[in-house]
Amino acid sequence: MALLDPVHNLVGEKVALGPLRRDLVPLYARWMNDFEVTRNLGAWVGPLPIEREEAWYDAAVRDSNEAHFTIYERTSGSPIGTSGLTGIDYQHRRATFGIVIGEKECWGKGYGAETARLVAGYGFTGLGLHTIELSVYSFNERAIRAYRRAGFRENGRRREAFWVAGRPYDIIRMEILSTDLPIGELGRVVLGVD
């Protein structure tokens, strides 16, 4: 599903990130109705009517304390997921990172790590944040590796606090600070300058 001339705000080697798009809401809803995708999010696993995804979209594009992106695979131009920052707190200079790679054939190709780095760079340079945090479940080893490659570090753990199919898993807290990424790299990532 290649798109004609989508807007790209942030461009990496493998992915490009642009704004959410109303015409992609059916695709976002398809991803959120794939239980294999949503189990990694800790989201309610069940059928999601298109109206709920439309309501999410409407709220996301209006909330000034959130910054959401559509993730595009650079080679094909196809949308493969969404990512962004929520709970942006300008006073304390922090936010929470989230990502969904909805196209499963794109898992394990480095798109998540690059997206996390691009969004963190945007948060630090574009929004002036200092701390970006996330939560991930201990069974999601692929995501944990991607976050580590992007520069996130574990800073806490809630042991056996998340249950899937009758089995407990840890909730791992990770963070990255603006001082963890070199300034030159941040400028290249977000502003295209050294």
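In what follows, the structure referred to is the one given above.
Residues numbered from 1 in each chain as written. Predicted model: local features only at pLDDT ≥ 70, side-chain atom pairs only at ≥ 80, totals over all residues. Heavy atoms only, no water.

Caption draft 1: Quick look at the pattern of salt bridges. This structure, assessed with the given rule, holds twelve salt bridges. In this structure, the salt-bridge partner of Lys-104 is Asp-34, at a minimum N-O distance of 2.8 Å. Of the two residues, Lys-104 is situated in the loop between β5 (94-101) and α4 (111-126) and Asp-34 in the loop between α1 (25-32) and α2 (35-38); the sequence distance between them amounts to 70 residues. Given the relative accessible area of 31%, Lys-104 is considered partly exposed. The partner of Asp-180 in a salt bridge is Arg-153, with the nearest N and O atoms 3.6 Å apart. Pair noted here: Asp-180 is in the loop between β8 (167-177) and α6 (183-191) and Arg-153 is in strand β7 (residues 153-164), with a separation of 27 residues, a long-range link. The exposure class assigned to Asp-180 is partly exposed, which follows from its relative accessible area of 25%. Note on Arg-153: relative accessible area 52%, which makes it exposed. One network of salt bridges, with partners in common, ties together Arg-148, Glu-154, Arg-157 and Asp-170. (Salt bridge = Lys/Arg side-chain N within 4 Å of Asp/Glu carboxyl O. Helix = DSSP H or I, 4+ residues; strand = E, 2+ residues; numbered from the N terminus. Buried < 20%, exposed > 50% of the residue type's maximum accessible area, 1.4 Å probe, protein only.)

Caption draft 2: Summary view of the sheet that holds β5. Pairing is mixed across the open sheet formed by eight strands, whose spatial order is β1-β2-β3-β4-β5-β6-β8-β7. Each edge of the sheet is formed by a strand with only one pairing partner; in this case those strands are β1 (10-11) and β7. Strand direction decides the pairing type here: β5 and strand β6 (residues 131-137), joined by three bridges, are parallel. Pairing of Thr-96 across the sheet is with Glu-133, part of β6. (Pairing = 2+ DSSP bridges.)

Caption draft 3: Local environment of the packing of aromatic side chains. Counting across every chain of the model gives ten aromatic pairs. Aromatic side chains Tyr-28 and Trp-56 sit 6.2 Å apart centroid to centroid with 90 degrees between the ring planes, which places their arrangement in the edge-to-face category. Placement of Tyr-28 in helix α1 and of Trp-56 in helix α3 (residues 50-62) is noted, with a sequence separation of 28 residues between them. You can call Tyr-28 buried: its relative accessible area is 2%. The interplanar angle of 10 degrees and the centroid separation of 6.1 Å between the aromatic rings of Tyr-137 and Phe-139 together place this pair among those described as stacked. (Phe/Tyr/Trp six-rings, centres within 6.5 Å; stacked < 30°, edge-to-face > 60°.)

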